[in-house]
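Remarks on the overall topology
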Amino acid sequence: EFRGCHSVTPMDTSLKVPVTALKFSGKALIAGEGPFVKLFDVQKGDLQCRQLVLPGRRIRGFSLASTDHAGNRLLALFGQNDMRIAELADNGKHLHVIGEVVQFPDWILDAQWLHDSSESIAASDHSCETISAPAFIAVATAHNQVTLWNWEDQRAAVLIKCEVHCILYSFRFHGFQSESLWAAAGTVFHDILLWPVSATEIKAKTAARLQGHEGVIFSIQFSSSGDMLCSASDDRSIRLWNIASILRDRKSTETVQLSVPMSILYGHTARVWDARFIANHIISVGEDATCRVWDPALDRNCIHTFTGHKGRSIWSLAVNETDQIIVRDDTAFLCGTFFVVFGCRQQEVETPAYDCGL
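Residues numbered from 1 in each chain as written. Predicted model: local features only at pLDDT ≥ 70, side-chain atom pairs only at ≥ 80, totals over all residues. Heavy atoms only, no water.

Right, let's talk about the overall build of the protein chain for a bit. When helices and strands are tallied, the protein chain shows two helices and 33 strands. Burial status across the protein chain gives 56% buried among its 358 residues. Pairs at least 24 apart in sequence give 53% of the contacts found in the protein chain among residues at least 6 apart. When the accessible surface of the protein chain is summed, it comes to about 15300 Å², and 48% of that surface belongs to carbon and sulfur atoms. (Helix = DSSP H or I, 4+ residues; strand = E, 2+ residues; numbered from the N terminus. Buried < 20%, exposed > 50% of the residue type's maximum accessible area, 1.4 Å probe, protein only. Contact = heavy atoms within 4.5 Å. Areas by Shrake-Rupley, 256 points an atom, 1.4 Å probe, with all protein chains shown as cover.)

So, on to the packing of aromatic side chains. Counted by the stated rule, this structure contains six aromatic pairs. Taken together, a centroid distance of 6.4 Å and an interplanar angle of 80° make the contact between Phe171 and Trp195 edge-to-face. Of the two residues, Phe171 is situated in strand S15 (residues 168-174) and Trp195 in strand S17 (residues 192-197); the sequence distance between them amounts to 24 residues. Owing to a relative accessible area of 0%, Trp195 belongs among the buried residues under this scheme. Taken together, the ring pairs in this structure connect Tyr169, Phe218 and Trp273 into an aromatic cluster. Positioned above the aromatic ring of Phe36 is the side chain of Arg50, whose terminal nitrogen or guanidinium carbon lies 3.8 Å from the ring centre. (Phe/Tyr/Trp six-rings, centres within 6.5 Å; stacked < 30°, edge-to-face > 60°. Lys NZ or Arg CZ within 6 Å of the ring centre and 35° of its normal.)

Of note, Ile278 is situated in strand S25 (residues 272-278). As for Ile278 and Val293, which are separated by 15 residues in sequence, their C-alpha atoms are 9.4 Å apart.

So, on to the sheet that holds strand S22 (residues 237-242). An order of S20-S21-S22-S24 is seen for the four strands of this open sheet, with the pairing classed as antiparallel. Every other strand in the sheet has two partners, leaving strand S20 (217-222) and strand S24 (263-266) as the edge strands with one partner each. Across the sheet, the axes of successive neighbouring strands diverge by a mean angle of 15°, strand direction being ignored. (Pairing = 2+ DSSP bridges. Axes fitted to C-alpha atoms, helices over the stretch in contact; angles between N-to-C directions.)

What follows concerns the nonpolar core. Counting residues in each nonpolar core, the largest one holds 19 residues, and the members touching the most others are Val146, Phe171, Phe173, Trp195 and Val197. Every element with two or more residues in this core is listed here: strand S12 (136-141), strand S13 (145-150), strand S14 (155-162), S15, strand S16 (181-187) and S17. In contact with Val197, other than residues within four places in its own chain, are Val146, Ile160, Phe173, Ser178, Leu181, Trp182, Ala183 and Arg250. In terms of nonpolar packing, the next biggest core, distinct from the first, is built from 16 residues, Ala184, Leu210, Ile220 and Phe222 among them. (Core = buried A, V, L, I, M, F, W, Y, C linked by side-chain atoms within 4.5 Å.)

Okay, the pattern of salt bridges next. Summed over all chains, the structure comprises 10 salt bridges. A salt bridge links Glu163 to Lys205; the shortest N-O distance between them is 3.8 Å. With Glu163 in the loop between S14 and S15 and Lys205 in the loop between strand S18 (203-204) and strand S19 (208-210), this residue pair connects regions lying 42 residues apart in the sequence. Taking the relative accessible area as the measure of exposure, Lys205 reaches 34% and is therefore partly exposed. For Asp274, the salt bridge identified is with Arg276, shortest N-O distance 3.1 Å. When its relative accessible area of 8% is taken as the criterion, Asp274 is described as buried. Arg276 sits in the buried class, given a relative accessible area of 18%. Here the salt bridges do not stand alone but share partners, grouping Asp234, Arg271 and Glu287 into one network. (Salt bridge = Lys/Arg side-chain N within 4 Å of Asp/Glu carboxyl O.)

As C-alpha coordinates, this is what we get:
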(Lines give C-alpha, C1' and ligand atoms only; values in the text may rest on other atoms or scores of the structure.)
Protein backbone atom coordinates (compact mmCIF):
# COMPACT_ATOMS: atom_id res chain seq x y z
CA GLU A 1 0.00 0.00 0.00
CA PHE A 2 1.21 3.49 -0.87
CA ARG A 3 -0.27 6.59 0.70
CA GLY A 4 0.82 10.13 1.52
CA CYS A 5 2.04 11.10 4.97
CA HIS A 6 3.71 14.52 5.13
CA SER A 7 5.97 16.91 3.25
CA VAL A 8 9.73 17.18 3.66
CA THR A 9 11.40 20.17 1.98
CA PRO A 10 14.35 22.57 2.29
CA MET A 11 14.84 25.09 5.01
CA ASP A 12 17.58 27.03 3.16
CA THR A 13 16.26 27.98 -0.27
CA SER A 14 19.16 30.38 -0.88
CA LEU A 15 21.50 27.46 -1.61
CA LYS A 16 20.42 26.36 -5.07
CA VAL A 17 22.41 23.19 -5.60
CA PRO A 18 21.22 19.63 -6.03
CA VAL A 19 21.43 16.99 -3.33
CA THR A 20 23.94 14.67 -4.99
CA ALA A 21 24.67 12.11 -2.26
CA LEU A 22 22.56 10.47 0.45
CA LYS A 23 23.34 7.80 3.02
CA PHE A 24 21.65 6.36 6.09
CA SER A 25 23.37 5.66 9.38
CA GLY A 26 20.76 4.21 11.69
CA LYS A 27 18.17 6.93 12.30
CA ALA A 28 20.43 9.61 10.84
CA LEU A 29 20.51 10.77 7.24
CA ILE A 30 23.72 12.09 5.70
CA ALA A 31 23.26 14.44 2.73
CA GLY A 32 25.83 15.88 0.34
CA GLU A 33 24.81 19.32 -0.87
CA GLY A 34 27.54 20.99 -2.90
CA PRO A 35 30.68 20.99 -0.70
CA PHE A 36 28.61 20.68 2.51
CA VAL A 37 27.59 17.66 4.58
CA LYS A 38 24.29 17.88 6.43
CA LEU A 39 23.13 15.49 9.13
CA PHE A 40 19.43 15.01 9.86
CA ASP A 41 17.33 13.20 12.43
CA VAL A 42 14.97 11.39 10.06
CA GLN A 43 12.34 10.77 12.74
CA LYS A 44 11.98 14.44 13.65
CA GLY A 45 13.13 16.03 10.41
CA ASP A 46 15.63 18.18 12.34
CA LEU A 47 18.93 19.41 10.92
CA GLN A 48 21.61 18.28 13.40
CA CYS A 49 24.76 19.54 11.71
CA ARG A 50 25.96 21.42 8.62
CA GLN A 51 29.67 21.46 7.79
CA LEU A 52 31.89 22.49 4.89
CA VAL A 53 33.98 19.43 4.06
CA LEU A 54 35.09 19.49 0.41
CA PRO A 55 35.73 23.12 -0.59
CA GLY A 56 35.29 23.74 -4.30
CA ARG A 57 33.83 20.27 -4.92
CA ARG A 58 30.40 18.68 -5.14
CA ILE A 59 30.05 15.65 -2.87
CA ARG A 60 29.15 12.58 -4.94
CA GLY A 61 29.24 9.71 -2.48
CA PHE A 62 29.69 8.37 1.05
CA SER A 63 31.09 5.16 2.50
CA LEU A 64 30.48 4.18 6.14
CA ALA A 65 32.65 1.87 8.23
CA SER A 66 31.31 -0.39 10.98
CA THR A 67 30.29 1.07 14.32
CA ASP A 68 32.94 1.10 17.05
CA HIS A 69 32.38 0.60 20.79
CA ALA A 70 31.47 4.27 21.33
CA GLY A 71 28.80 4.27 18.63
CA ASN A 72 30.90 6.41 16.28
CA ARG A 73 31.43 5.58 12.60
CA LEU A 74 34.17 6.46 10.18
CA LEU A 75 32.86 8.18 7.06
CA ALA A 76 34.67 8.52 3.74
CA LEU A 77 33.20 11.16 1.46
CA PHE A 78 34.28 12.01 -2.05
CA GLY A 79 33.62 14.33 -4.97
CA GLN A 80 35.48 14.60 -8.27
CA ASN A 81 39.04 13.47 -7.41
CA ASP A 82 38.99 14.53 -3.73
CA MET A 83 38.31 12.37 -0.67
CA ARG A 84 38.17 13.19 3.02
CA ILE A 85 37.70 11.14 6.18
CA ALA A 86 35.37 12.15 9.00
CA GLU A 87 33.86 10.59 12.09
CA LEU A 88 30.12 10.41 12.59
CA ALA A 89 29.57 10.85 16.34
CA ASP A 90 26.70 10.81 18.84
CA ASN A 91 24.47 8.60 16.68
CA GLY A 92 24.68 10.91 13.73
CA LYS A 93 24.34 14.25 15.49
CA HIS A 94 27.89 15.50 14.94
CA LEU A 95 30.57 15.25 12.27
CA HIS A 96 34.29 15.51 13.11
CA VAL A 97 36.67 15.88 10.16
CA ILE A 98 39.87 13.82 10.37
CA GLY A 99 42.87 15.12 8.45
CA GLU A 100 43.08 17.06 5.21
CA VAL A 101 41.54 16.54 1.78
CA VAL A 102 43.28 13.76 -0.17
CA GLN A 103 43.53 14.29 -3.93
CA PHE A 104 43.58 11.28 -6.26
CA PRO A 105 44.91 11.46 -9.85
CA ASP A 106 41.51 10.51 -11.31
CA TRP A 107 37.81 10.94 -10.56
CA ILE A 108 36.53 8.82 -7.68
CA LEU A 109 33.45 6.71 -8.45
CA ASP A 110 33.11 4.57 -5.32
CA ALA A 111 34.82 3.79 -2.00
CA GLN A 112 34.58 0.84 0.39
CA TRP A 113 36.01 0.35 3.89
CA LEU A 114 37.79 -3.00 4.24
CA HIS A 115 37.72 -5.11 7.40
CA ASP A 116 39.51 -8.34 8.10
CA SER A 117 37.47 -11.54 8.44
CA SER A 118 36.98 -11.39 12.22
CA GLU A 119 35.81 -7.78 12.06
CA SER A 120 33.31 -8.57 9.29
CA ILE A 121 31.88 -11.48 11.29
CA ALA A 122 31.52 -9.24 14.33
CA ALA A 123 29.77 -6.61 12.24
CA SER A 124 27.25 -9.13 10.92
CA ASP A 125 26.52 -10.29 14.47
CA HIS A 126 26.18 -6.67 15.71
CA SER A 127 28.94 -7.30 18.26
CA CYS A 128 30.23 -3.75 18.12
CA GLU A 129 32.66 -4.15 21.00
CA THR A 130 34.93 -6.44 18.95
CA ILE A 131 35.20 -4.22 15.88
CA SER A 132 38.29 -2.10 15.40
CA ALA A 133 38.70 0.69 12.90
CA PRO A 134 39.57 -0.58 9.40
CA ALA A 135 43.00 0.37 8.12
CA PHE A 136 42.22 0.50 4.41
CA ILE A 137 39.69 1.98 1.99
CA ALA A 138 39.26 0.61 -1.51
CA VAL A 139 38.91 3.61 -3.84
CA ALA A 140 37.66 3.13 -7.41
CA THR A 141 38.60 5.67 -10.07
CA ALA A 142 37.34 6.44 -13.56
CA HIS A 143 39.84 4.39 -15.60
CA ASN A 144 38.91 1.04 -14.04
CA GLN A 145 41.49 1.04 -11.29
CA VAL A 146 41.27 0.44 -7.53
CA THR A 147 43.61 1.90 -4.94
CA LEU A 148 43.85 0.31 -1.50
CA TRP A 149 44.38 3.43 0.58
CA ASN A 150 45.84 3.42 4.10
CA TRP A 151 43.81 6.26 5.57
CA GLU A 152 45.85 6.54 8.79
CA ASP A 153 49.21 6.77 7.02
CA GLN A 154 47.70 8.76 4.14
CA ARG A 155 49.32 6.64 1.44
CA ALA A 156 48.42 4.21 -1.33
CA ALA A 157 49.29 0.65 -0.34
CA VAL A 158 48.37 -1.14 -3.59
CA LEU A 159 47.16 -0.05 -7.04
CA ILE A 160 45.09 -2.72 -8.82
CA LYS A 161 44.25 -2.38 -12.50
CA CYS A 162 41.65 -4.30 -14.45
CA GLU A 163 42.98 -5.79 -17.67
CA VAL A 164 40.35 -3.73 -19.54
CA HIS A 165 41.58 -0.16 -19.31
CA CYS A 166 38.75 2.17 -20.29
CA ILE A 167 36.73 5.16 -19.14
CA LEU A 168 33.90 4.41 -16.71
CA TYR A 169 30.64 6.17 -15.97
CA SER A 170 29.83 4.13 -12.86
CA PHE A 171 31.39 1.69 -10.41
CA ARG A 172 30.24 -0.36 -7.42
CA PHE A 173 32.06 -2.52 -4.87
CA HIS A 174 30.62 -5.64 -3.26
CA GLY A 175 32.20 -7.09 -0.11
CA PHE A 176 33.93 -5.85 3.03
CA GLN A 177 37.13 -7.93 2.95
CA SER A 178 40.08 -7.59 0.60
CA GLU A 179 40.08 -11.34 -0.12
CA SER A 180 36.42 -11.34 -1.27
CA LEU A 181 35.98 -7.90 -2.81
CA TRP A 182 34.30 -7.61 -6.21
CA ALA A 183 34.06 -4.72 -8.65
CA ALA A 184 31.34 -3.88 -11.16
CA ALA A 185 32.34 -1.22 -13.68
CA GLY A 186 29.97 0.52 -16.11
CA THR A 187 31.97 1.44 -19.21
CA VAL A 188 31.60 4.15 -21.83
CA PHE A 189 30.99 1.28 -24.29
CA HIS A 190 27.69 0.36 -22.55
CA ASP A 191 29.09 -2.82 -20.95
CA ILE A 192 29.37 -3.85 -17.30
CA LEU A 193 32.64 -5.51 -16.33
CA LEU A 194 32.80 -7.76 -13.27
CA TRP A 195 36.24 -8.39 -11.83
CA PRO A 196 37.70 -9.61 -8.51
CA VAL A 197 39.76 -7.11 -6.54
CA SER A 198 42.75 -8.69 -4.80
CA ALA A 199 45.71 -7.07 -3.08
CA THR A 200 47.92 -9.91 -4.35
CA GLU A 201 47.11 -9.39 -8.04
CA ILE A 202 47.89 -5.92 -9.35
CA LYS A 203 46.41 -6.74 -12.77
CA ALA A 204 42.97 -8.29 -12.49
CA LYS A 205 41.28 -10.43 -15.09
CA THR A 206 37.72 -9.67 -16.15
CA ALA A 207 35.41 -12.40 -14.83
CA ALA A 208 32.34 -11.36 -16.84
CA ARG A 209 31.11 -8.85 -19.40
CA LEU A 210 27.41 -7.95 -19.19
CA GLN A 211 26.09 -6.59 -22.49
CA GLY A 212 22.76 -5.27 -23.75
CA HIS A 213 22.37 -1.64 -22.69
CA GLU A 214 22.15 0.83 -25.57
CA GLY A 215 23.45 3.79 -23.60
CA VAL A 216 26.02 4.60 -20.93
CA ILE A 217 25.45 3.08 -17.50
CA PHE A 218 24.85 5.61 -14.75
CA SER A 219 24.31 3.28 -11.80
CA ILE A 220 25.18 -0.26 -10.73
CA GLN A 221 23.93 -1.92 -7.56
CA PHE A 222 24.50 -5.37 -6.07
CA SER A 223 21.81 -7.13 -4.09
CA SER A 224 22.73 -7.66 -0.44
CA SER A 225 23.57 -11.32 -1.14
CA GLY A 226 25.57 -10.46 -4.25
CA ASP A 227 23.57 -12.93 -6.35
CA MET A 228 21.99 -10.21 -8.48
CA LEU A 229 22.95 -6.89 -9.97
CA CYS A 230 20.80 -4.09 -11.37
CA SER A 231 21.98 -1.42 -13.80
CA ALA A 232 20.41 1.90 -14.80
CA SER A 233 21.19 3.52 -18.12
CA ASP A 234 20.99 6.37 -20.57
CA ASP A 235 18.71 4.11 -22.67
CA ARG A 236 15.90 4.60 -20.07
CA SER A 237 16.00 0.97 -18.97
CA ILE A 238 16.88 -0.90 -15.79
CA ARG A 239 18.30 -4.38 -16.25
CA LEU A 240 18.43 -7.14 -13.66
CA TRP A 241 21.27 -9.68 -13.92
CA ASN A 242 21.85 -13.06 -12.26
CA ILE A 243 25.55 -13.15 -11.34
CA ALA A 244 25.53 -15.78 -8.56
CA SER A 245 27.64 -18.33 -10.43
CA ILE A 246 30.15 -15.69 -11.51
CA LEU A 247 30.86 -14.41 -8.01
CA ARG A 248 31.31 -17.92 -6.66
CA ASP A 249 34.37 -18.49 -8.85
CA ARG A 250 37.07 -15.85 -8.25
CA LYS A 251 39.78 -18.02 -9.81
CA SER A 252 38.23 -18.57 -13.23
CA THR A 253 40.47 -17.70 -16.16
CA GLU A 254 37.57 -17.41 -18.62
CA THR A 255 35.52 -14.25 -19.20
CA VAL A 256 31.79 -15.00 -19.13
CA GLN A 257 29.80 -13.18 -21.83
CA LEU A 258 26.30 -12.43 -20.50
CA SER A 259 23.84 -10.70 -22.84
CA VAL A 260 20.46 -11.91 -21.56
CA PRO A 261 19.34 -10.26 -18.30
CA MET A 262 16.73 -11.69 -15.96
CA SER A 263 14.46 -8.68 -16.55
CA ILE A 264 14.40 -5.44 -18.51
CA LEU A 265 12.35 -2.70 -16.86
CA TYR A 266 10.98 0.13 -18.99
CA GLY A 267 8.79 2.99 -17.79
CA HIS A 268 10.95 6.05 -17.25
CA THR A 269 10.52 8.63 -20.00
CA ALA A 270 14.09 9.94 -19.72
CA ARG A 271 17.48 8.80 -18.46
CA VAL A 272 17.54 6.65 -15.31
CA TRP A 273 20.08 7.97 -12.80
CA ASP A 274 19.88 5.35 -10.05
CA ALA A 275 18.22 2.07 -9.08
CA ARG A 276 18.37 0.08 -5.82
CA PHE A 277 17.27 -3.30 -4.52
CA ILE A 278 14.67 -3.30 -1.76
CA ALA A 279 13.78 -6.84 -0.67
CA ASN A 280 12.09 -8.35 -3.77
CA HIS A 281 11.57 -4.99 -5.43
CA ILE A 282 13.63 -2.33 -7.21
CA ILE A 283 13.21 1.40 -6.78
CA SER A 284 14.53 3.85 -9.36
CA VAL A 285 14.81 7.60 -9.93
CA GLY A 286 15.54 9.54 -13.06
CA GLU A 287 15.61 12.60 -15.24
CA ASP A 288 11.83 12.51 -15.64
CA ALA A 289 11.56 13.51 -11.94
CA THR A 290 9.71 10.33 -11.00
CA CYS A 291 10.45 7.56 -8.53
CA ARG A 292 9.22 4.15 -9.65
CA VAL A 293 8.78 0.91 -7.72
CA TRP A 294 9.22 -2.30 -9.69
CA ASP A 295 8.36 -5.96 -9.13
CA PRO A 296 10.45 -7.88 -11.68
CA ALA A 297 8.33 -11.01 -11.10
CA LEU A 298 5.22 -9.39 -12.60
CA ASP A 299 4.43 -8.95 -16.29
CA ARG A 300 3.52 -5.36 -15.53
CA ASN A 301 6.76 -4.57 -13.74
CA CYS A 302 6.10 -1.01 -12.53
CA ILE A 303 3.73 -1.27 -9.58
CA HIS A 304 3.81 2.36 -8.45
CA THR A 305 5.05 5.74 -9.65
CA PHE A 306 5.71 8.68 -7.34
CA THR A 307 5.43 12.09 -8.97
CA GLY A 308 5.32 15.66 -7.69
CA HIS A 309 8.85 16.94 -8.24
CA LYS A 310 8.88 20.11 -10.33
CA GLY A 311 12.48 19.86 -11.50
CA ARG A 312 14.11 17.96 -14.32
CA SER A 313 15.68 15.25 -12.19
CA ILE A 314 15.74 13.37 -8.94
CA TRP A 315 19.48 13.23 -8.47
CA SER A 316 20.10 10.98 -5.48
CA LEU A 317 18.65 7.97 -3.71
CA ALA A 318 19.25 6.15 -0.42
CA VAL A 319 17.53 3.18 1.16
CA ASN A 320 17.21 1.81 4.66
CA GLU A 321 15.38 -1.50 4.71
CA THR A 322 14.63 -1.50 8.45
CA ASP A 323 11.84 1.12 8.44
CA GLN A 324 8.47 1.46 6.76
CA ILE A 325 8.51 4.77 4.93
CA ILE A 326 9.50 6.15 1.56
CA VAL A 327 10.58 9.76 2.02
CA ARG A 328 11.37 12.10 -0.77
CA ASP A 329 12.17 15.74 -0.38
CA ASP A 330 8.62 16.90 -0.94
CA THR A 331 6.43 13.99 0.21
CA ALA A 332 6.61 10.84 2.36
CA PHE A 333 4.81 7.58 1.66
CA LEU A 334 4.31 4.25 3.37
CA CYS A 335 5.71 1.46 1.22
CA GLY A 336 6.35 -2.08 2.45
CA THR A 337 9.20 -2.46 4.94
CA PHE A 338 11.85 -0.03 3.86
CA PHE A 339 12.91 3.59 4.08
CA VAL A 340 13.95 5.61 1.06
CA VAL A 341 15.08 9.20 0.60
CA PHE A 342 15.95 10.95 -2.61
CA GLY A 343 16.94 14.52 -3.42
CA CYS A 344 16.19 17.23 -5.98
CA ARG A 345 17.08 20.87 -6.50
CA GLN A 346 16.21 23.01 -3.51
CA GLN A 347 14.51 25.82 -5.39
CA GLU A 348 12.01 23.40 -6.96
CA VAL A 349 10.11 22.32 -3.85
CA GLU A 350 7.19 23.82 -2.02
CA THR A 351 6.39 24.88 1.53
CA PRO A 352 6.77 21.91 3.89
CA ALA A 353 4.51 20.52 6.54
CA TYR A 354 7.72 20.19 8.52
CA ASP A 355 11.25 21.11 7.57
CA CYS A 356 14.02 18.54 6.96
CA GLY A 357 16.50 20.86 5.28
CA LEU A 358 17.00 18.92 2.04
